[in-house]
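Each chain, letter by letter, is given below.
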Amino acid sequence: MSEPLNLQRTPIHLGLNARAIPQPAFTGGAWYADYASRVDSDGIEGRLVSMHTFSAPWDSWEMHPHGDELVLCVSGSLRLIQEIDGRPVSIQLNPGEAAINPSGVWHTADVSTPTTAVFITAGRDTQARPRDATPTR
């Protein structure tokens, strides 16, 4: 590979046998279903590495049932909100700081200025709910 990859456009799948596989350009929500079918044979050991920029609070909660997710703030700042034992727990992240969303924990995030973060996600069977809904286990 002679060209650099932009993680905001081209996520990377970390698969079995220590493989790093560039994925097709990210196109939005439907992209995840196609990704899941491409990497299904890696089971729960596969990880998605991606980078996203947000300029508004997330409009949903999400939960990864088969593994932890690492969130690394690259620029800006975000308030990661995890639902632990039925209560929200906030973690403030600034550039260079990271947090872990444990497997099975519902989470969302607030930002007030444009913020970029890198995510390393155990994404198989990820669940999502609207932000105005109360997360459940």
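One numbering rule holds for all chains: residues counted from 1, following each sequence as written. Reporting in this predicted model follows two pLDDT cut-offs: at least 70 for local features of residues, and 80 or more for side-chain atom pairs to be given and counted; totals over whole chains, interfaces and linings ignore these cut-offs and use all residues. To get the side-chain values, all heavy atoms of the structure are used, and hydrogens and water are removed first.

J.: Can you help me understand the nonpolar core in this one?
T.: Taken as a class, soluble globular proteins show a tendency for nonpolar side chains to be buried jointly. If you look at the biggest cluster of nonpolar residues, it comprises twelve residues: Phe-54, Trp-58, Val-71, Cys-73, Leu-78, Leu-80, Leu-93, Ala-99, Ala-109, Val-111, Ala-117 and Phe-119. Helix and strand labels come from DSSP, where a helix needs a run of H or I of at least four residues and a strand needs a run of E of at least two; each type is numbered from the N terminus. Those elements that place two or more of their residues in this core are strand E5 (69-75), strand E6 (78-84) and strand E10 (115-121). For the purposes of this section, nonpolar cores are sets of buried Ala, Val, Leu, Ile, Met, Phe, Trp, Tyr and Cys residues that join through side-chain atoms within 4.5 Å. Exposure is judged per residue with a 1.4 Å probe applied to protein chains only, and the accessible area is read against the type maximum: over 50% gives exposed, under 20% gives buried, and values in between give partly exposed.

J.: Whenever I open this one, unusual backbone geometry confuses me. Can you help?
T.: Generally, phi is negative for residues other than glycine and the peptide bonds are trans, each holding for most cases. Phi at Asn-17 takes a positive value of approximately 60°, unusual for a residue other than glycine. Classification of Asn-17 by relative accessible area gives exposed; the value is 73%. Here the phi dihedral of Ala-18 falls at roughly 60°; this positive angle occurs in a residue that is not glycine. Mapped onto the elements, Ala-18 comes out in the loop between strand E1 (12-15) and strand E2 (19-22). Among the residues examined, Ala-18 registers a relative accessible area of 80% and is labelled exposed.

J.: Where do I start with the environment of Glu-62 in this structure?
T.: Mapped onto the elements of the fold, Glu-62 is located in strand E4 (residues 60-63). Sequence spacing of Glu-62 and Ser-103 is 41 residues, and the spatial spacing of their C-alpha atoms is 11 Å. The criterion used for residue contact is that any of the two residues' heavy atoms lie within 4.5 Å. Look past the residues within four positions of Glu-62 in its chain and what remains in contact with it is Glu-69, Val-105, Trp-106, His-107, Thr-126, Gln-127 and Ala-128. Whenever two N or O atoms come within 3.5 Å, that pair is a polar contact, provided that in protein one can donate a hydrogen and the other can accept it, and provided that, for residues adjacent in sequence, both atoms are side-chain atoms. A polar side-chain atom of Glu-62 sits 3.1 Å from a polar atom in the side chain of His-64.

J.: Just checking my understanding: could you explain the environment of Ser-75 for this structure?
T.: With respect to the secondary-structure elements, Ser-75 resides in strand E5. In sequence terms Ser-75 and Arg-87 are twelve residues apart; their C-alpha atoms lie 28 Å from each other. Apart from the residues within four sequence positions on either side, Ser-75 is in contact with Pro-95, Pro-114, Thr-115 and Thr-116.

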